[in-house]
Amino acid sequence: MRAVVTGGAGFLGSHLCERLLNEGWDVLALDNLITGVDSNVSHLMNHPKFRVARGDVSNYIDVAGPVDYVLHFASPASPVDYLKLPIQTLKVGALGTHNALGLALAKNAKFFLASTSECYGDPEISPQHEEYWGRVNPIGPRGVYDEAKRYAEAMTMAYHRYHKVDTRIVRIFNTYGPRMRLNDGRALPNFVYQALSGKPLTIYGDGKQTRSFCYVSDLIEGIYRLMMSDEHLPTNIGNPQEITILEFAECIRKHFDNAPPLVFEPLPQDDPKRRCPDITKAKRVLKWEPKIGLEEGLKLTLAYFKEAFHKS
Ligand code: UDP
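About the criteria used
- Residues numbered from 1 in each chain as written.
- Predicted model: local features only at pLDDT ≥ 70, side-chain atom pairs only at ≥ 80, totals over all residues.
- Heavy atoms only, no water.
- Helix = DSSP H or I, 4+ residues; strand = E, 2+ residues; numbered from the N terminus.
- Rg over C-alpha atoms; globule rule 2.2 N^0.38 Å.
- Buried < 20%, exposed > 50% of the residue type's maximum accessible area, 1.4 Å probe, protein only.
- Areas by Shrake-Rupley, 256 points an atom, 1.4 Å probe, with all protein chains shown as cover.
- Core = buried A, V, L, I, M, F, W, Y, C linked by side-chain atoms within 4.5 Å.
- Contact = heavy atoms within 4.5 Å.
- Axes fitted to C-alpha atoms, helices over the stretch in contact; angles between N-to-C directions.
- Parallel < 35°, antiparallel > 145°, perpendicular 65-115°, else oblique.
- Left-handed = near helix turned anticlockwise from the far one by under 90°.
- Nonpolar A, V, L, I, M, F, W, Y, C, P; charged D, E, K, R; others polar.
- Salt bridge = Lys/Arg side-chain N within 4 Å of Asp/Glu carboxyl O.
- Near = heavy atom within 4 Å.
- Polar contact = N/O pair within 3.5 Å; in protein donor to acceptor, adjacent residues only side chain to side chain.

Draft legend 1. Up close: the overall build of the protein. Scanning the protein from N- to C-terminus turns up 9 helices and 13 strands. Its C-alpha radius of gyration of 19 Å places the protein within 12% of the 20 Å reference for a compact globule of 312 residues. Projected onto its principal axes, the C-alpha positions of the protein cover 55 × 45 × 40 Å. Residues classed as buried in the protein amount to 55% of the 312 residues present. As displayed, the protein offers around 13,800 Å² of accessible surface, 54% of which is attributable to carbon and sulfur atoms.

Draft legend 2. A look at the nonpolar core. By size, the foremost hydrophobic cluster in this structure holds 60 residues, and its most contacted members are Leu20, Leu71, Phe73, Phe112 and Leu188. The leading source of residues in this core is helix H6 (residues 216–228), at 7 residues. Excluding anything up to four places from it in sequence, Phe73 contacts Thr6, Gly7, Leu12, Leu16, Phe112, Ala114, Ile172 and Ile223. Core analysis: the second largest hydrophobic core is formed by 23 residues, Leu28, Ala74, Leu101 and Leu113 among them.

Draft legend 3. Seen up close, the packing of helix H1 (residues 11–22) against H6. Following both chains from N to C, one finds H1 and H6 inclined at 60°, their axes separated by 10 Å at the closest point. Overall, the two elements H1 and H6 adopt an arrangement that is oblique. Classified by chirality, the crossing of H6 by H1 is right-handed. Contacts between H1 and H6 pair Phe11, Leu12, His15, Leu16, Arg19 and Leu20 from the former with Val216, Leu219, Ile220, Glu221, Ile223, Tyr224 and Met227 from the latter. For the contact of H1 with H6, the residue count by class is 10 nonpolar, 1 polar and 2 charged.

Draft legend 4. Main features of the pattern of salt bridges. A complete count under the given rule lists 20 salt bridges for this structure. Asp122 is the salt-bridge partner of Lys273, the closest N and O atoms lying 2.7 Å from each other. Of this pair, Lys273 sits in the loop between strand E13 (262–265) and helix H8 (280–286) while Asp122 sits in the loop between strand E5 (110–116) and helix H4 (143–163); the two residues are 151 residues apart in sequence, bridging distant segments of the chain. A residue is classified by how much of its surface remains accessible, and Asp122, at 12% relative accessible area, is buried. Across the salt bridge formed by Lys311 and Glu307, the nearest N and O atoms sit 3.4 Å from each other. Taken together, the positions of Lys311 and Glu307, both in helix H9 (residues 294–311) and 4 residues apart, correspond to about one turn of that helix.

Draft legend 5. How the structure looks around the site of the ligand. The full set close to the ligand counts 18 residues, and Thr202, Tyr204, Arg211, Asp271 and Arg275 are the nearest of them. One of the backbone nitrogen or oxygen atoms of Ala187 is found 2.9 Å away from an oxygen atom of the ligand. Between Gln209 and the ligand, the recorded distance is 3.0 Å, taken from a side-chain N or O atom to an oxygen atom. If the ligand stood free it would expose 510 Å²; the protein chains cover 96% of that surface. Class assignment of the residues belonging to the shell around the ligand gives a composition of 7 nonpolar, 5 polar and 6 charged.

Draft legend 6. Structural context of the environment of Asp26. Looking at where Asp26 falls in the secondary structure, it is placed in strand E2 (residues 26–31). Taking the relative accessible area as the measure of exposure, Asp26 reaches 31% and is therefore partly exposed. Sequence-wise, Asp26 and Ala148 are 122 residues apart; in three dimensions their C-alpha atoms are separated by 29 Å. With near-sequence residues (within four places) excluded, Asp26 lies in contact with Met1, Arg2, Ala3 and Lys49.

Draft legend 7. Here's a closer look at the packing of helix H5 (residues 187–196) against helix H7 (residues 245–253). For the pair H5 and H7, interaxial distance at closest approach is 10 Å and the crossing angle is 40°. Classified by the angle between their axes, H5 and H7 sit oblique to one another. Our pair here, H5 against H7, has a crossing hand that is right-handed. When H5 is examined against H7, the residues Ala187, Leu188, Phe191 and Val192 are found in contact with a partner set consisting of Ile245, Phe248, Ala249 and Ile252. Of the residues that constitute the contact of H5 with H7, the class distribution is 8 nonpolar, no polar and no charged.

Draft legend 8. Looking closely at unusual backbone geometry. Residue Pro127 is reached from Ser126 by a cis peptide bond, and omega for that bond is -5°. Within the fold, Pro127 resides in the loop between E5 and H4. The residue Arg179 is not glycine, and still its phi comes out positive at about 85°. Secondary-structure assignment places Arg179 in the loop between strand E7 (175–176) and H5.

None of the figures reported here should be taken as evidence of function without further support.
Here it is, written out as structure tokens:
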């Protein structure tokens with residue numbers, strides 16, 4: 001079996017490549033390295049079934065030979081990144097998804113879309129289940145990501161219904177773990193970087209907004225099970241343990257001697273007030289639920305970040 005993983009040098013893409021190699025697949029990772037980094041896959045470079053190619057999937061995807069599965073994971077995914085790269089974010093969600101679907105159709109391969117809880121926007125209901133259509137501001141700063149992913153879902157369903165491509169869609173909730181970029185601007189890398197450099201931890205707004213953090217190995221297990229299932233409609237994968245950002249900052253602070261103080265900064269526009277996955281469907285269809293609690297996941301992640309920080 002041979003897979004093409006777009007965004008294969010990214011945080012999630014690289015963990016997915018590793019998992020597929022462990023399952024015996026041949027893997028071709030495509031990445032333009034605007035947010036991914038070579039070092040995420042350097043440990044796989046000598047694997048006989050792994051290859052990485054540099055390219056922008058928003059332009060064209062050219063792959064020689066047979067392909068069994070196309071997994072589209074390319075996109076900036078941190079709010080700071082997609083605010084810096086608004087056009088690329090829209091393009092990879094729209095044109096990149098179209099090209100990846102075109103490749104799947106041409107190769108008679110299955111297709112897997114990495115979608116997002118951002119499809120629910122700033123939701124009126126919590127937890128969010130898959131039938132909820134969301135509350136997204138299309139022209140706000142986050143719209144470049146949210147609308148690109150909503151379009152990507154629509155395009156995926158169109159290829160499924162019209163071209164009969166065998167597709168899957170995962171809606172990924174906040175995920176953390178080794179290989180997140182220390183400077184990607186998200187809450188966890190920011191807090192850890194700030195704590196490591198003795199700076200105050202920046203809480204946006206009053207810190208009462210909530211998120212639910214899933215450890216990366218749990219997420220990849222859910223994704224792999226969805227790949228192997230027959231489920232075509234979007235499926236939430238995430239950890240339903242919901243906490244406020246203030247509580248999250250405290251959990252991280254506890255891991256540092258001389259923990260730095262907190263400072264409050266303005267809340268970014270359209271920042272969702274609550275986010276928590278309803279995983280009833282994943283439990284029922286995939287027999288999946290997360291296994292790693294926040295404390296255990298944080299220990300593993302902090303060990304990685306401490307090493308990365310001291311190397312940099
Ligand atoms: N956040 C924060 N301080 C930071 C970075 C993020 O308080 O230094 C907040 C942010 O406003 C949001 C939450 O943490 O409410 C999660 O933000 P993140 O960028 O990790 O991802 P999001 O879930 O918003 O996509």
